[in-house]
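# Chain and residue survey
Spelled out, the chains give:
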Amino acid sequence: MTIPTLKLSSGYEMPVLGLGTWEGKPGEVEKAVEVAVNAGYTHIDCAWVYGNQMEIGETLKRLFSSGHKRENIFITSKVWNTFHSAPACKKNVLEILCQLHLKYIDLMLIHWPIGYEEGGDPFPKRKDCDKIKYSNEDYVTTWKVLEDFVKEGKIRSIGISNFNHKQIERLIANSTIKPAVLQIEMHPYLQQKKLRAFCSERGIAITAYSPLGCPGSTFFRKPGDPNILTEPSVKKIAAAHGKTPAQVVLRWAVQQNVIVIPKSTSETRIKENAALFDFQLTEAEMKEIDGLDRGWRFVDFSPGDSDHPHL
Ligand code: NAP
């Protein structure tokens, strides 16, 4: 299996399919990365806050010492919100490199445009209520540290996640390297057409997170939430191609030049999610799936505090 790539504005090629690792528990996630790489995946999506990079790093080390080439695997990670000041960002990037046993990261993202108070707790809370304690750190400061790491060769491409168009515009106006990638929630219920067009005009590639609508998540899904994989139109299109609803939903995204990073720790589903490149959806089928857009966000994690200085 050969996974197609997209050329980023940084000049590097990024595989259009990666393995998501959020909610991948220690033990399970190691196995998932190994199964994925052995099945032909060439891209792993990680983040400091997922708390499982040490296990992933051990697996990568093992894979790279048993015949897999480092340069053939694209690794993404993300600087967490409590590391937005310049010294903290530097520390976080070095820790990520160390956890993953890597000399360089292919793509480093700023995970969210908002900084949290620095300290030990990844989700620091205010004393008077249960709300997050923000910091005033500007993501432009964080970005400049990432630019320095690019110059040093420890990061190849840099990008952002969960930024809106105003934040992207402001970042571009204040940077020397423009973001290569924006990672956002995207699936048939949340198609992000305006933001994708905005990024396309600026040469920013899109990675869709939760591309299946996180069907098994107990964290973001509430009972009764809609399920993309049981949509009658998706099931009908899947049957017409002899594919599964998950494959159709992922194919719909990659057919629009969107990178997808479905998470799975099941060997069968990891392999299923990679079998996307031997069929094509027709224009009518693409339009039918386009019709499912309903602005539905599963990952409802945005701070919502309009008083934050950089929102
Ligand atoms: P997702 O990939 O849409 O869905 C994952 C869920 O779907 C898991 O419960 C998985 O269960 C199940 N699944 C996987 N393949 C399946 C298939 N073929 N058929 C049926 N069910 C299937 O959601 P996600 O994990 O939220 O997003 C993917 C990745 O994006 C994350 O892992 C993470 O790397 C990244 N992400 C980034 C951000 C951000 O802020 N930048 C936010 C969220 C996620 P099994 O494991 O049991 O197969």
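For the structure, check the block above.
Residues numbered from 1 in each chain as written. Predicted model: local features only at pLDDT ≥ 70, side-chain atom pairs only at ≥ 80, totals over all residues. Heavy atoms only, no water.

### Here we look at the sheet that holds strand E3 (residues 19–20)
Across the sheet, eight strands lie side by side as E3-E4-E5-E6-E7-E8-E9-E10; this open sheet has parallel pairing. Of all the strands in the sheet, just E3 and strand E10 (259–260) have a single pairing partner and so form its edges. Bridge count between strand E8 (residues 181–185) and strand E9 (residues 205–209): five bridges; the pairing is parallel. Bridge assignment links Leu182 to a residue of E9, and that residue is Ile206. (Pairing = 2+ DSSP bridges. Helix = DSSP H or I, 4+ residues; strand = E, 2+ residues; numbered from the N terminus.)

### Quick word on helix H4 (residues 139–152)
Over its 14 residues, H4 runs 20 Å from end to end, which matches the ideal 20 Å to within 8%, given 1.5 Å per residue. Among the residues of H4, those classed as buried are Tyr139, Val140, Thr142, Trp143, Val145, Leu146, Glu147 and Phe149. Those residues of H4 that are buried are in contact with strand E5 (74–79), helix H3 (86–99), strand E6 (105–110), strand E7 (155–161) and helix H5 (165–173). N-capping of H4 is provided by Asp138, with a side-chain oxygen placed 3.0 Å from the backbone N of Val140. One or two steps after H4, the chain reaches Gly153, where phi turns positive at roughly 90°. (Expected span 1.5 Å × (residues − 1). Buried < 20%, exposed > 50% of the residue type's maximum accessible area, 1.4 Å probe, protein only. Contact = heavy atoms within 4.5 Å. Polar contact = N/O pair within 3.5 Å; in protein donor to acceptor, adjacent residues only side chain to side chain.)

The analysis is restricted to geometry; functional conclusions fall outside its scope.
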